[in-house]
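In case you want the letters, here they are:
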Amino acid sequence: MYDVIVVGMGPAGSMAAHGLAKNGFKVLAIDKDRFPRYKSCGGCISTKVDKILDFDISEVVDDTVMGIDFNFKSARPVTVPSDKPIAYNVMRSTFDAFLAARAVAEGVEFKEGVRVRGCVDTGAHVELDTDCGPIKARYVIGADGAGGIIGRSLLGLNYRNCHISLTSEISVDDATLEAYRGKCLVDFGVIPHGYAWVFPKKDGLSVGIAGMADKLERGVKDYFRDFVKEQDALDGVCLGDGDIRGWTIPVYNGGEQKVYSGRVIVTGDAAHLVDPFLGEGIYYAIRSGQIAADAVGAALGKGGEADLASYKEMLSSELYPEFEACSMLVKIIYGYPRMWYRVVEMDPSIMQKYYDVLTGDESGALFIKDLKSRVVKKPWKVLSKWLRGSA
Ligand SMILES: Cc1cc2nc3c(=O)[nH]c(=O)nc-3n(C[C@H](O)[C@H](O)[C@H](O)COP(=O)(O)OP(=O)(O)OC[C@H]3O[C@@H](n4cnc5c(N)ncnc54)[C@H](O)[C@@H]3O)c2cc1C
């Protein structure tokens, strides 16, 4: 019997498996796909990831972000530069294969192309029904993403609070790609409660859009096609339905749902651990995978008793407060996107302060406190400029 089976080898699963194997546990990882596999994703990871990884990821970074072009309804981007790297752009196929290889190098046994179809927790162990028959372990970590079978079958999760998101990988000429190098473009006005983006990669641009499912007035593809049409750099690009890939993003929903039960933990997207403002999930998948590994490792160390409460405690003290701060940004920025664009236009340093959150040098909560005091200091200036812009 395995000590732990990790279901899903995205960033959450790879890092959970990596942490457990490093501590000497017998770990099996299972993924329904063979790696490298395409994953629909913008692939933009804030550089705070450097603070939690004990290895270098530079070999799989396509572009380092040193500033953001902010826009509202594809009008006129406001460029806000940064004096330090704030994010990395990666292709998920190479990034995820790289993380999985790190886990295998620590001794994880990895079964690729095997789907988990069901899961039973007997109290003494967990039994998985898989494409290659039943497999048992003392503990199971469900890192099987949004709508994953482990959360649905053992924790009663229904993955209702989600953003809908689409991406397309678009080839452009070298000059166009060069013009985007080192920065991201984000537009907060093109979709209700969400944004559209252009992220440069090594061989092209990842263009995408995400919005809160229940706020959309049209199909998400319609918003996406309109955004693409408005980008000068994408003039002449014609996207067929097969060029646009999407999935749901299970954003933080207040931390109410179960994240463990008996001998099972869910982590990453499977546990709704995605920032509700930017839809950033890769960092939180990695970090929650590490926390899950610590919690399961501690339970195994105590003689196999099922006590995973420390997992929820760690999420509540470390990740949920960041998500709460992001929820405030959702209210401010998605509630009043035009006003926010004006605020950044007038005072780009507000956004530069947010860069400290992306680098992990500042907490989201402190940023919100600072933001409130700065905006409240000049409400009339902001309001009058906003009204002029709305006229
Ligand atoms: C369009 C889009 C754009 C995004 N852009 C960004 C971005 O720019 N930056 C960012 O930080 N986040 C972004 N996200 C969110 C990010 O992709 C996720 O938060 C992240 O992938 C979560 O990692 P994970 O390991 O929890 O799950 P996943 O990466 O989804 O991995 C889950 C794994 O489980 C496997 N699996 C599922 N079911 C089974 C099964 N039954 N049996 C075996 N294996 C199974 C899957 O094959 C997969 O490999 C985006 C999401 C979408 C949809």
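Residues numbered from 1 in each chain as written. Predicted model: local features only at pLDDT ≥ 70, side-chain atom pairs only at ≥ 80, totals over all residues. Heavy atoms only, no water.

A. Summary view of the pattern of salt bridges. In this structure the tally under the stated criterion is 22 salt bridges. A salt bridge links Asp54 to Lys22, with the nearest nitrogen and oxygen atoms 2.6 Å apart. Of this pair, Asp54 sits in the loop between strand 3 (44-46) and strand 4 (63-65) while Lys22 sits in helix 1 (residues 11-22); the two residues are 32 residues apart in sequence, bridging distant segments of the chain. Owing to a relative accessible area of 53%, Asp54 belongs among the exposed residues under this scheme. A cluster of three or more residues bridged by salt bridges with shared partners is formed by Lys51, Lys84, Asp356 and Asp361. (Salt bridge = Lys/Arg side-chain N within 4 Å of Asp/Glu carboxyl O. Helix = DSSP H or I, 4+ residues; strand = E, 2+ residues; numbered from the N terminus. Buried < 20%, exposed > 50% of the residue type's maximum accessible area, 1.4 Å probe, protein only.)

B. How the structure looks around the domain arrangement of the protein. Here the protein is partitioned into domain 1 (2-43 + 91-160 + 251-307), domain 2 (163-249) and domain 3 (332-390). At the junction of the two partners, domain 1 supplies 13 residues and domain 2 supplies 15 residues. In total, about 1300 Å² of surface goes out of reach between domain 1 and domain 2, with carbon and sulfur atoms giving 58% of it. Where domain 1 packs against domain 2, one counts 6 residue pairs in polar contact (both at pLDDT 80 or more). Looking at the side of domain 1 that touches domain 2, its residues break down into 9 nonpolar, 4 polar and no charged. (Domains from an automatic or database assignment. Contact = heavy atoms within 4.5 Å. Buried area = accessible area lost by both parts, 1.4 Å probe. Polar contact = N/O pair within 3.5 Å; in protein donor to acceptor, adjacent residues only side chain to side chain. Nonpolar A, V, L, I, M, F, W, Y, C, P; charged D, E, K, R; others polar.)

C. Geometry of the pairing of strand 14 (residues 194-200). Of all 7 residues that make up strand 14, 7 are buried, and the element is covered over most of its length. Going residue by residue along strand 14, you find Gly194, Ala196, Val198 and Pro200 tucked away on one face and Tyr195, Trp197 and Phe199 tucked away on the opposite face as well. In this structure, strand 13 (residues 184-187) lies alongside strand 14, joined through 3 bridges in antiparallel fashion. Paired with Asp187 across the strands is Ala196, a residue of strand 14. What sits between the antiparallel neighbours strand 13 and strand 14 is a turn of 6 residues, in which His193 has the positive phi angle 45°. Strand direction decides the pairing type here: strand 14 and strand 15 (residues 205-212), joined by 7 bridges, are antiparallel. Bridging across to strand 15, Pro200 finds its partner in Leu205. Hairpin geometry of strand 14 and strand 15 is characterised by an intervening segment of 4 residues between the two adjacent antiparallel strands. (Pairing = 2+ DSSP bridges.)

D. Representation of the packing of aromatic side chains. Inspection of every chain in the model, using the stated rule, returns 16 aromatic pairs. Measuring from centroid to centroid gives 5.6 Å for Tyr195 and Trp197, while their planes differ by 50°, and the two rings are tilted. Judged by relative accessible area, which is 5%, Trp197 ranks as buried. An angle of 80° between the planes, with centres 6.0 Å apart, marks the rings of Phe277 and Tyr354 as edge-to-face. Here Phe277, found in the loop between strand 18 (264-266) and helix 6 (282-301), pairs with Tyr354, found in helix 9 (residues 349-358); they are 77 residues apart in sequence, far enough to count as distant. Neither Phe277 nor Tyr354 differs from the other in exposure class; each is buried. Among the aromatic residues, those joined into a cluster by ring pairs are Phe70, Phe188, Tyr195, Trp197, Phe199, Phe277, Tyr334, Tyr354 and Phe367. Note that Lys48 overlies the ring of Tyr283, its terminal NZ or CZ placed 4.7 Å from the centroid. Seen from the ring of Tyr223, Arg218 lies directly overhead, with NZ or CZ sitting 4.4 Å from the centre. (Phe/Tyr/Trp six-rings, centres within 6.5 Å; stacked < 30°, edge-to-face > 60°. Lys NZ or Arg CZ within 6 Å of the ring centre and 35° of its normal.)

E. Representation of unusual backbone geometry in the model. The omega torsion of the bond from Phe35 to Pro36 falls at 0°, within 30 degrees of zero and hence cis. Here His193, not a glycine, exhibits a phi torsion of approximately 45°, which is positive. Mapped onto the elements, His193 comes out in the loop between strand 13 and strand 14. You can call His193 partly exposed: its relative accessible area is 24%. Of note in the backbone geometry, His272 takes a positive phi value of approximately 60° without being a glycine. In this structure, His272 sits in the loop between strand 18 and helix 6.

F. How the structure looks around the site of the ligand. Lining the immediate environment of the ligand, one finds 38 residues, of which Asp31, Gly42, Cys44, Arg92 and Asp269 sit closest. The separation between a nitrogen atom of the ligand and a polar main-chain atom of Cys44 is 2.8 Å. A total of 1000 Å² of accessible area belongs to the ligand in isolation, and the protein chains cover 94% of it. Every element with two or more residues in the shell around the ligand is listed here: helix 1, strand 12 (163-170), strand 14, strand 16 (245-249) and helix 6. By residue number, the principal contributor to the shell around the ligand is strand 12, which donates 3 residues. Both domains that meet at the shell around the ligand, namely domain 1 (2-43 + 91-160 + 251-307) and domain 2 (163-249), each give it at least three residues. (Near = heavy atom within 4 Å. Areas by Shrake-Rupley, 256 points an atom, 1.4 Å probe, with all protein chains shown as cover.)

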